[in-house]
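Commentary on secondary and tertiary structure
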Amino acid sequence: MTLAIHGGTPVRTRPWPSWPPPIDPAQRALVTEVLESGLWGATQDGSVVADLAAAFARRSGVPYGVAACNGTLGLFAALRGLGVGRGDEVIVPAYTFVASATAVLLAGAVPVVADVDPADLHLSPRAVEAAVTGRTAAIMPVHLAGSPAAMDPLNEVAARHGLAVVEDAAQAHGATYRDRPVGGLGDAGVYSFQASKAMTAGEGGLVVCRDQAVHDRVWSICNVGREPGGRWYGHPAAGWNLRLTEIQAALLLPWLDRLDEEVERRNAFCAAFERELAAVPRVSVVPQPEGTTRDSRHLLMLRLDGDVDREFLLAAMAAEGVPLDAGYPPLGSMAALTAEGARAEPCPAAEEAARTVVWVRQPMLMEAPEAASDIAEALAKVLGKE
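Let me sum up the structure you'll find in this document. Since the model is a prediction, treat every value here as computed from it, not as a measurement. (Residues numbered from 1 in each chain as written. Predicted model: local features only at pLDDT ≥ 70, side-chain atom pairs only at ≥ 80, totals over all residues. Heavy atoms only, no water.)

1. Things to note about the overall build of the protein
Scanning the protein for helices and strands turns up 14 helices and 14 strands. Against the 2.2 N^0.38 benchmark of 21 Å for 386 residues, the protein shows a C-alpha radius of gyration of 21 Å, consistent with a compact globule. Taken along the three principal axes of its C-alpha coordinates, the protein extends 70 × 55 × 35 Å. For the protein, with 386 residues in total, the buried portion stands at 55%. Nonlocal contacts in the protein, meaning residues at least 24 apart in sequence, comprise 72% of its contacts between residues at least 6 apart. Mean positive and mean negative side-chain charge positions of the protein (32 and 46 charges, respectively) differ by 2 Å. (Helix = DSSP H or I, 4+ residues; strand = E, 2+ residues; numbered from the N terminus. Rg over C-alpha atoms; globule rule 2.2 N^0.38 Å. Buried < 20%, exposed > 50% of the residue type's maximum accessible area, 1.4 Å probe, protein only. Contact = heavy atoms within 4.5 Å. Lys, Arg positive; Asp, Glu negative; His and termini not counted. Charge placed at Lys NZ, Arg CZ, Asp CG, Glu CD.)

Dropping the structure here:
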């Protein structure tokens with residue numbers, strides 16, 4: 001069978017679902033209400049941003065939430081709200097988006113890049129333990145691809161060393177670890193609403209936490225140093241304008257009502273795909289971390305045998321109508337970060353993942369489960385010729 005990249009017939013010619021999906025009637029109604037009210041900004045006495053923050057806090061199992069203009073600045077605000085600053089070190093995983101490190105730099109601290117578990121690619125508690133120094137102030141586990149990091153052992157390491165824990169839950173809306181929602185498992189959790197995420201308003205972020213003092217500091221950081229309930233021109237602390245708008249919140253708040261259904265839809269697709277993939281050699285699904293009770297399936301990560309030409313596979317799969325993503329480079333290999341003072345520990349598992357792992361993106365996972373056979377068929381076709 002001739003590969004499409006060599007002039008053959010593609011496995012799939014139909015488009016995959018678009019992302020974001022069309023807005024639903026509840027979103028349309030609330031956005032229209034906000035637009036017509038004229039209360040578009042977060043400081044005009046509208047209520048939607050506050051309602052969104054409260055709703056996310058409840059879903060995360062904690063009492064407090066603060067909306068922010070994006071997830072990166074949410075991580076920055078969470079770190080600063082927990083007292084992380086100049087000279088401190090924050091341990092981040094080596095297989096993650098660059099913002100996990102740049103948020104640390106923005107807070108004035110030093111990102112320390114630690115390796116991930118070689119099986120599930122989440123931050124390794126053993127690697128964290130090895131990376132701790134007298135300057136370490138926090139760790140930042142990332143709930144990668146929608147599955148929860150190993151929070152119990154990571155929290156144990158943090159407790160032994162007196163470290164704060166900031167969960168990067170940017171990809172994990174609706175995920176649970178041992179039946180507990182992510183975001184509320186550390187000292188603070190941060191969600192993203194960037195365009196590719198499971199809930200999106202184009203951009204946006206949200207910080208959740210269980211401690212009122214942390215909430216008040218995060219709120220102040222996001223509101224130009226004001227105090228909750230304080231004077232308009234009172235700025236007792238340094239802060240910035242990191243606020244979300246009421247219009248963005250109006251897109252997001254109704255989405256919570258359909259989030260669970262969308263998570264289940266992606267899980268159904270992934271289950272169907274794993275059944276189909278069982279017959280395809282040289283590729284496997286990256287397993288979920290131990291303790292995962294609900295994977296929100298932002299991505300499905302696939303591991304290729306080491307002898308597979310990954311670059312050819314990516315090009316050939318795209319020609320078959322099944323585009324895959326190359327995923328992250330190792331964070332510690334980025335010269336831009338090390339030039340700013342980031343420190344990289346040995347990260348062989350992340351380096352191996354950068355050579356052998358590819359992703360199935362979220363929009364494809366929103367397709368009907370029977371379409372999972374298209375991905376498996378295309379993989380079998382390409383790997384059989386590669």
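Still more to cover.
2. Considerations on the environment of Gly321
Checked against the element boundaries, Gly321 lands in the loop between helix 10 (310-319) and helix 11 (335-339). Spatially, the C-alpha atom of Gly321 lies 8.9 Å from that of Ala4, the residues being 317 residues apart in sequence. Residues contacting Gly321, with those up to four places away along its chain left out, are Arg12 and Trp16.

3. A short note on the pattern of salt bridges
Summed over the entire model, instances satisfying the criterion amount to 21 salt bridges. We note a salt bridge from Asp152 to Arg180, for which the minimum N-O separation is 2.8 Å. Pair noted here: Asp152 is in helix 6 (residues 151-161) and Arg180 is in strand 7 (residues 180-181), with a separation of 28 residues, a long-range link. In this structure Asp152 comes out as partly exposed when scored by relative accessible area, which is 26%. Assessed through its relative accessible area of 34%, Arg180 is described here as partly exposed. Two residues, Glu352 and Arg355, come together in a salt bridge whose shortest N-O distance is 2.7 Å. Of this pair, Glu352 and Arg355 both sit in helix 12 (residues 348-356), three residues apart, roughly one helical turn. Among the charged side chains, a salt-bridge network with shared partners connects Arg12, Arg14, Glu367 and Asp374. (Salt bridge = Lys/Arg side-chain N within 4 Å of Asp/Glu carboxyl O.)

4. Some details on the packing of helix 3 (residues 71-81) against helix 4 (residues 99-106)
The geometry of helix 3 relative to helix 4 is characterised by a closest axis approach of 8 Å and an angle of 45 degrees between their N-to-C directions. Accordingly, the angle class assigned to the pair helix 3 and helix 4 is oblique. The interaxial crossing formed by helix 3 with helix 4 has right-handed handedness. Residues Thr72, Leu73, Leu75, Phe76 and Leu79 of helix 3 touch helix 4, and the partners they reach there are Ala99, Ser100, Thr102, Ala103, Val104 and Leu106. When the residues that make up the contact of helix 3 with helix 4 are grouped by side-chain class, the tally is eight nonpolar, three polar and no charged. (Axes fitted to C-alpha atoms, helices over the stretch in contact; angles between N-to-C directions. Parallel < 35°, antiparallel > 145°, perpendicular 65-115°, else oblique. Left-handed = near helix turned anticlockwise from the far one by under 90°. Nonpolar A, V, L, I, M, F, W, Y, C, P; charged D, E, K, R; others polar.)

5. Observations concerning the sheet that holds strand 10 (residues 283-285)
Across the sheet, three strands lie side by side as 10-12-14; this open sheet has antiparallel pairing. Edge positions in the open sheet fall to strand 10 and strand 14 (357-360), since each of these has one partner strand only. The sheet shows a mean angle of 30 degrees between the axes of neighbouring strands, taken without regard to direction. (Pairing = 2+ DSSP bridges.)

6. Considerations on the sheet that holds strand 4 (residues 136-139)
With mixed pairing, the eight strands of this open sheet are ordered in space as 1-9-8-5-4-2-3-13. Whereas interior strands pair on both sides, the edge strands pair on one side only; in this sheet they are strand 1 (64-68) and strand 13 (343-344). Of the pairings in the sheet, the one linking strand 4 to strand 5 (residues 164-168) comprises two bridges and is parallel in character. Looking at the pairing, Ile139 lines up with Val165 of strand 5. Lying on the sheet, helix 4 is in contact with strand 2 (89-93), strand 3 (110-114) and strand 5; it crosses strand 3 at an angle near 150 degrees.

7. Re the side chain of Arg297
Examined against the element boundaries, Arg297 turns out to sit in the loop between strand 11 (292-294) and strand 12 (300-304). Engagement of the side chain of Arg297 in a polar contact is seen with the side chain of Asn267, the distance being 3.4 Å. (Polar contact = N/O pair within 3.5 Å; in protein donor to acceptor, adjacent residues only side chain to side chain.)

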